[in-house]
Amino acid sequence: PFAGQKDLINSLDFRLQGDLYFPRFADYFKLWRGLKGLGFTSEKFYETMRQKATSRFSSSYNLLELLGNYRLQFVNVTYGFDIPVNLNKRLSINHFGVDFIVPDIEPNSRFDSVLQQQPFLQNSFKTQFITGFLFRDLTYVFTGSTSPSGGSWFFRGNFDLSGLEVWAANASYNAVSGQSPDFKLFKVDFSHYAKLELDGRRYWQFSPNRLLAARLDAGIARPYYHSESVPYVKQFFVGGPNSIRGWYARALGPGLYKDPLNDIPGSRNLFYQAADFKIEFNLEYRFLLMRPLNLFNLYGAVFLDGGNIWTLEPDSNRIGSQLAFRREMKDNVIVQDNFLREFGIGTGFGSRWDFTYFVFRLDLGLPLRNNYPDPERGNKYWRDVSELRLKDVVLNLGLGYPF
């Protein structure tokens, strides 16, 4: 076993996706022509879409399983456009999109017990539709040109909206009929939420074999109308191979909350934490180690990660989870703190096996700073480096570079 866990494999995340592209702009319902006529978009942008946009039909299947606890399956179908605005900017718009989410909870599991006690999980862990019939989501990507000194910028912004058309139709029907039913399909709820995530990166290429990469990622998600929470699969989490590598995925946060279930000795860890707000930063230095038999490039890396997630509303089952700007004490215990004090920080080193067509990645992460004052260390946030042990090392495996 690695890092003191009973089982090396704790969770599975499998995704299968197919895309079908049509090399032309197909505005079947004359939506964009109408937006141009109403002044919501410019003549120049409309012509760019007509000349450069490609239509795309996508479908996917995703399986997320926490072994022995739960399984989440969701099927997605979308239709939209990819628009290369210029050499540096790209825009992707999905007009139509439907996700069908089906959770399966293992009876009498630890997670089943948690689910009965935590309303935020009950509301987000249910069968539901995520929909958009005129607008589903928008993604903007900027890839900067490399400067003479080797520096470049990257930015990605995504806005995700579900249930707007259902809400409008539901509200109109209720106003006319004088009733107040909530629309459902096959007795399954429609999800209503808005989500925004911004991801900025900076690269410094010192030489062909040495690079420094930095990333700042932040996001917010909010339910509206009759939805009490954002679907679990759309909430934010930190930890894992592409995040804060000193913690396992969904093991950190929210806020200064520490899940007592993960202190039970000899049991499989139960990582499920998610929330509505995220801030994360990463710094990584990559350097060439060797070229074994000229078959691939083996790079080394050292990194520093930090961040956390927070709820935007109080959660009585996770004291200290709410995003706050000042400290509050109760019975000499910190129940809320300035969110800047609640960053978990980790470091580590790893290797990147670059075979040109794909990159295999192995990272060993170490937690340096907890998101909570640890009573076992005199209520300190920072860990004493001399106290770190092999069991504190977190193994992360991945494909591709983390950012």
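These notes cover the structure that comes with them. Computed from a predicted structure; not experimentally measured. (Residues numbered from 1 in each chain as written. Predicted model: local features only at pLDDT ≥ 70, side-chain atom pairs only at ≥ 80, totals over all residues. Heavy atoms only, no water.)

It is worth spelling out unusual backbone geometry at this point. Going from Gly253 to Pro254, the amide bond is cis rather than trans, its omega being 0 degrees. Here the phi dihedral of Tyr225 falls at roughly 60 degrees; this positive angle occurs in a residue that is not glycine. One non-glycine residue with positive phi stands out, namely Asn294, at about 60 degrees. Position of Asn294 among the secondary structure elements: in the loop between strand 12 (277-290) and strand 13 (297-310). (Helix = DSSP H or I, 4+ residues; strand = E, 2+ residues; numbered from the N terminus.)

Following the criterion strictly, the structure yields 27 aromatic pairs and no others. Ring geometry for Phe125 against Tyr232: centres 4.6 Å apart, planes inclined by 50 degrees, an arrangement best described as tilted. With a gap of 107 residues between them, Phe125 in the loop between helix 4 (119-124) and strand 5 (128-132) and Tyr232 in the loop between strand 11 (210-223) and strand 12 connect regions that are remote in the sequence. For Phe125, a relative accessible area of 6% gives the class buried. Overall, the relative accessible area of 2% leaves Tyr232 in the buried class. By way of ring pairs, the aromatic residues Phe277, Phe281, Trp310, Phe325, Phe339 and Phe343 are connected into one cluster. Here the basic side chain of Lys36 rests over the ring of Tyr46, its NZ or CZ set 5.2 Å away from the ring centre. (Phe/Tyr/Trp six-rings, centres within 6.5 Å; stacked < 30°, edge-to-face > 60°. Buried < 20%, exposed > 50% of the residue type's maximum accessible area, 1.4 Å probe, protein only. Lys NZ or Arg CZ within 6 Å of the ring centre and 35° of its normal.)

What follows concerns the pattern of salt bridges. This structure, assessed with the given rule, holds 28 salt bridges. The shortest N-O distance in the salt bridge between Asp160 and Lys234 comes to 3.7 Å. Taken as a pair, Asp160 in strand 7 (residues 151-162) and Lys234 in the loop between strand 11 and strand 12 lie far apart in primary sequence, 74 residues in all. Here Asp160 matches Lys234 in class, with each residue buried. (Salt bridge = Lys/Arg side-chain N within 4 Å of Asp/Glu carboxyl O.)

By the element assignment, Glu197 lies in strand 10 (residues 193-207). Sequence-distant contacts of Glu197, that is, excluding residues within four places in its chain, are made with Arg156, Gly157, Asn158, Asp217, Ala218, Gly219, Phe236 and Lys278. (Contact = heavy atoms within 4.5 Å.)

What follows covers the pairing of strand 19 (residues 394-399). Burial along strand 19 is one-sided: Val394, Asn396 and Gly398 are buried, and none of Leu395, Leu397 and Leu399, which face the opposite way, are. Where strand 17 (residues 359-374) meets strand 19, six bridges bridge the pair, whose relative direction is antiparallel. Looking across to strand 19, one finds that Leu364 is bridged to Leu395. (Pairing = 2+ DSSP bridges.)

Here we take up the pairing of strand 12. Summarising the sheet, strand 11 and strand 12 pair through eleven bridges and their orientation is antiparallel. Residue pairing in the sheet places Arg215 in a bridge with Asn282 of strand 12. Alignment of strand 12 against strand 13, held across 13 bridges, turns out to be antiparallel. Within strand 13, the residue paired with Leu283 across the bridge is Leu304. Count of turn residues in the strand 12/strand 13 antiparallel hairpin: six residues, of which Leu293 carries a positive phi of about 55 degrees.

The next subject is the nonpolar core. Ranked by internal contacts, the top residues of the largest apolar core, which has 27 residues, are Tyr70, Leu72, Phe111, Leu121, Phe125, Tyr232 and Tyr272. Every element with two or more residues in this core is listed here: strand 2 (54-66), strand 3 (70-84), helix 3 (110-117) and helix 4. Filtering out sequence-adjacent residues up to four positions away, Tyr232 remains in contact with Tyr70, Leu72, Leu121, Ser124, Phe125, Arg250, Tyr272, Gln273 and Ala274. Counting residues in each nonpolar core, the second largest holds eleven residues, with Phe25, Phe81, Ile83 and Ile93 among its members. (Core = buried A, V, L, I, M, F, W, Y, C linked by side-chain atoms within 4.5 Å.)

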